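Chain by chain, the residues:
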Amino acid sequence: MSAIWNPQAETMPREELSQLQLERLQSTLNRAYRYVAYYHQVLDEAGLQPEDLQALTDLRRLPFTTKESLRQSYPYGMFALPLREVVRLHFSTGATGAATVVGYTQNDVRNWTELVARNLTACGLTKEDVVQIFFGFGVFTGGFGFQYGAEALGAAVIPVASGDVARQVQIMEDFRTTAIIGTPSYALHLGRLMEKIGHDPHSLSLRVGLFGSEPWSEQTRAEIEARLLLTAYDTYGLSEIGGPGVSGECECRCGLHIAEDHFYVEVVDPATGEPLPEGREGELVFTTLTKEAFPLVRYRTGDLASLTTEPCSCGRTLARMSRIVRRTDDMLILRGVSVYPDTVEECLRHFTEVGGGFQLVVRREEDLDTLEVLVEIGTLHDLTFKAVESLREKLTDELSTTLGLELTVRMVEPHSLTSPTGRLPRVRDERAL
Ligand SMILES: [Zn+2]
């Protein structure tokens, strides 16, 4: 097992941790109430004062903060300190409309550095490593966060950012890079391109990779490891909450340890907002506990995961979250039931007679939501009405059992749901909400 960067914080007994969280939460709420007009209003509307929070679970009495609240307060509306205390601004440019802006004080940057150093240490990185960073060094938090953390470790950092793959590989070879950090899709692209240009991965010195900032599967992890000859770890963070370092895998790779001394985490039902018990998958909601410039209370991430506080063999006592493989954006809520296109795809995979394309169509009929699943006929040789109807019935049974929902299935022509430019959207929501 590799070292633990901050044993005092990372192996703290959970009871002590809860006490620390409560103290920090009370202080965060106090500052947010006093200095952020948005939270002042939110607490007043909930009929609460910061001192009413006597237990961590009391936090549930407060409403969520959403990305929309951040957009509406653009640019400085949710800052808890005047700009003269702020040393860094990061922001994300939204696909539609205003960006969300995040500020850091000197202390915030120090904490950020510490959390990324913990994350890198948990993956076995030391000052002996040469770390090449693919994340950008612009207004996004990825590049800078890992730069700080790796430097705190004493590792040699090459801030290449993304770009030309051939140059990237050349640098890895010349500088004998041992660790790479970036998005999994970029690492995969790099690995595949190396094969294409005939570059042998054995000529490199890679041993560890940290990947994050987008959902990725175990299959992708296996392919990256095989192509680049390294051990791939998952790392998680989001700029609103503080950038990279929010959570990361240890060498056990059985979930990502959350920096709970800096963030209080909840998992809620995305449809109802109700808290879910440990082990159940739901939407991650974070409250910052130490952020000075930009505290956030119950921030909805849109990321889906489950939690466990079971002891980990690495010795850390911090809770672990499961890997993010999907987001609420891909999810459909129907009569209070969450439906994921992934689940439908997985279910259809067991029927060799169907084609590759499908589409979920949701309508509202007399105030009732209905789901119709369009499925392409694939390699069915017998195209008689009877054969198609029998397949349709089987699919209806299987899908409604799996999704826990009444639905109808309609078989459609082969390739009618795929176009030369790619798949049609997997969800068509025709409800006028
Ligand atoms: Zn662990």
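Structure: above.
What counts, and at which threshold
- Residues numbered from 1 in each chain as written.
- Predicted model: local features only at pLDDT ≥ 70, side-chain atom pairs only at ≥ 80, totals over all residues.
- Heavy atoms only, no water.
- Helix = DSSP H or I, 4+ residues; strand = E, 2+ residues; numbered from the N terminus.
- Rg over C-alpha atoms; globule rule 2.2 N^0.38 Å.
- Buried < 20%, exposed > 50% of the residue type's maximum accessible area, 1.4 Å probe, protein only.
- Contact = heavy atoms within 4.5 Å.
- Lys, Arg positive; Asp, Glu negative; His and termini not counted.
- Charge placed at Lys NZ, Arg CZ, Asp CG, Glu CD.
- Arc of directions from axis to C-beta.
- Donors = N, O, S within 2.8 Å, 3.2 Å for Na, K, Ca; no water.
- Tetrahedral: all angles 85-135°; square planar, octahedral: opposite > 155°, others 65-115°.
- Pairing = 2+ DSSP bridges.
- Axes fitted to C-alpha atoms, helices over the stretch in contact; angles between N-to-C directions.
- Expected span 1.5 Å × (residues − 1).
- Patch = residues over 30% accessible without salt bridge, like charges linked within 9 Å, V, L, I, M, F, W, Y side chains within 5 Å.
- Areas by Shrake-Rupley, 256 points an atom, 1.4 Å probe, with all protein chains shown as cover.
- Salt bridge = Lys/Arg side-chain N within 4 Å of Asp/Glu carboxyl O.
- Core = buried A, V, L, I, M, F, W, Y, C linked by side-chain atoms within 4.5 Å.
- Parallel < 35°, antiparallel > 145°, perpendicular 65-115°, else oblique.
- Left-handed = near helix turned anticlockwise from the far one by under 90°.
- Right-handed = clockwise from strand over helix to strand, strands pointing away.

(A) Molecular detail of the overall build of the protein chain. For the protein chain, the count of helices and strands is eleven helices and 22 strands. For a compact globule of 433 residues, the expected C-alpha radius of gyration is about 22 Å, and the protein chain comes in at 24 Å, within 12% of that figure. Considered along the principal axes of its C-alpha atoms, the protein chain spans approximately 70 × 65 × 40 Å. Residues classed as buried in the protein chain amount to 52% of the 433 residues present. Sequence separation of at least 24 residues holds for 65% of the intrachain contacts in the protein chain that already meet a minimum separation of 6. Looking at charge distribution, the protein chain has the averaged site of its 42 positive side-chain charges lying 3 Å from that of its 61 negative ones.

(B) Looking closely at helix H3 (residues 37-45). Of the positions making up H3, those classed as buried are Tyr39, Val42 and Leu43. Summarising the axial view, the buried residues of H3 lie within an arc of 95°, below the 170-degree limit, and thus occupy one face. Among the exposed residues of H3, those oriented more than 90 degrees off its buried face are Ala37 and Glu45. Phi for Gly47, located one or two positions after H3, is positive at around 65°.

(C) Region of the structure containing the coordination of the zinc ion. Taken together, Cys250 (SG), His257 (NE2), Cys312 (SG) and Cys314 (SG) make up the full set of protein donors to the zinc ion, lying 2.1 to 2.3 Å away. Every donor counted, the four donor atoms about the zinc ion form angles of 102 to 114° at the centre, which fits tetrahedral coordination. Considered as a linear motif, the donors of the zinc ion on their single chain read C-x6-H-x54-C-x1-C. Note that His257 is positioned in strand E9 (residues 256-258) and Cys314 in the loop between strand E13 (307-308) and strand E14 (320-321), a separation of 57 residues in sequence.

(D) Just the sheet that holds strand E12 (residues 299-305), in detail. Spatially, the three strands line up as an open sheet ordered E10-E11-E12, and their pairing is antiparallel. Each edge of the sheet is formed by a strand with only one pairing partner; in this case those strands are strand E10 (263-268) and E12. Looking at each pair of strands side by side, their axes are set apart by 30° on average, direction ignored. Of the pairings in the sheet, the one linking E10 to strand E11 (residues 282-288) comprises six bridges and is antiparallel in character. Its bridge partner being in E11, Val268 is matched across the sheet by Glu283.

(E) Highlighting helix H8 (residues 184-196). Spanning 13 residues, H8 covers 18 Å between terminal C-alpha atoms, matching the ideal 18 Å at 1.5 Å per step. Of all the residues in H8, the buried ones are Pro184, Tyr186, Ala187, Leu188, Leu190, Gly191 and Met194. Elements in contact with the buried residues of H8: helix H7 (165-174), strand E5 (179-182), strand E6 (208-212) and helix H9 (218-228). The positive-phi residue at the C-terminal boundary of H8 is Gly198, with phi of around 75°.

(F) Layout of a nonpolar patch on the surface. Residues Tyr76, Leu83 and Leu89 make up a contiguous nonpolar surface patch of roughly 250 Å² in combined accessible area. With a relative accessible area of 39%, Tyr76 lands in the partly exposed category.

(G) Inspection of the nonpolar core at higher detail. In terms of nonpolar packing, the biggest core is built from 68 residues, with Leu120, Leu210, Tyr236, Leu284, Phe286 and Met321 touching the most fellow members. Per-element tally for this core: the top contributor is helix H5 (residues 106-122), with six residues. What Leu120 contacts, discounting residues up to four positions off in sequence, is Leu125, Phe146, Gly149, Ala150, Leu153, Ile181 and Leu210. Residues Cys347, Leu348, Val354 and Leu403 belong to the second largest nonpolar core, which totals 24 residues.

(H) View of the packing of H8 against H9. It is at 9 Å that the axes of H8 and H9 come closest, and there the two elements cross at 40°. Here H9 runs oblique to H8, going by the angle between their axes. Relative to H9, H8 is oriented so that their crossing is left-handed. Residues Pro184, Ala187, Leu188, Leu190, Gly191, Arg192, Met194 and Glu195 of H8 form the contact with H9, whose own contacting residues are Thr220, Glu223, Ile224, Arg227 and Leu228.

(I) Structural view of the sheet that holds strand E22 (residues 427-429). The strand order across the open sheet built from four strands is E19-E18-E17-E22, with neighbouring strands paired in mixed fashion. Only two strands of the sheet have a single partner each, and these edge strands are strand E19 (408-412) and E22. On average, adjacent strands in this sheet sit at an angle of 20° to one another, irrespective of strand direction. Sheet topology places strand E18 (residues 368-377) next to E19; five bridges connect them, and they run parallel.

(J) Looking closely at the environment of Ile181. Secondary-structure assignment places Ile181 in strand E5. Classification of Ile181 by relative accessible area gives buried; the value is 0%. Sequence separation of Ile181 and Phe211 is 30 residues, and the distance between their C-alpha atoms is 5.8 Å. Among residues more than four places away in sequence, those in contact with Ile181 are Leu120, Val131, Gln132, Ile133, Phe134, Phe135, Phe146 and Leu210.

(K) Representation of the pairing of strand E7 (residues 231-238) in the model. The element E7 is extensively covered by neighbouring structure, given that six of its eight residues are classed as buried. Sheet topology note: the E6/E7 ladder contains five bridges and is parallel. Among the inter-strand pairings, Val208 is bridged to a residue of E7, identified as Thr231. Each parallel crossover has a hand, and the one from E6 via H9 to E7 is right-handed. Pairing analysis gives four bridges linking E7 to strand E8 (residues 243-249), with the strands arranged antiparallel. If you follow Gly237 over to E8, its bridge partner there is Pro244.

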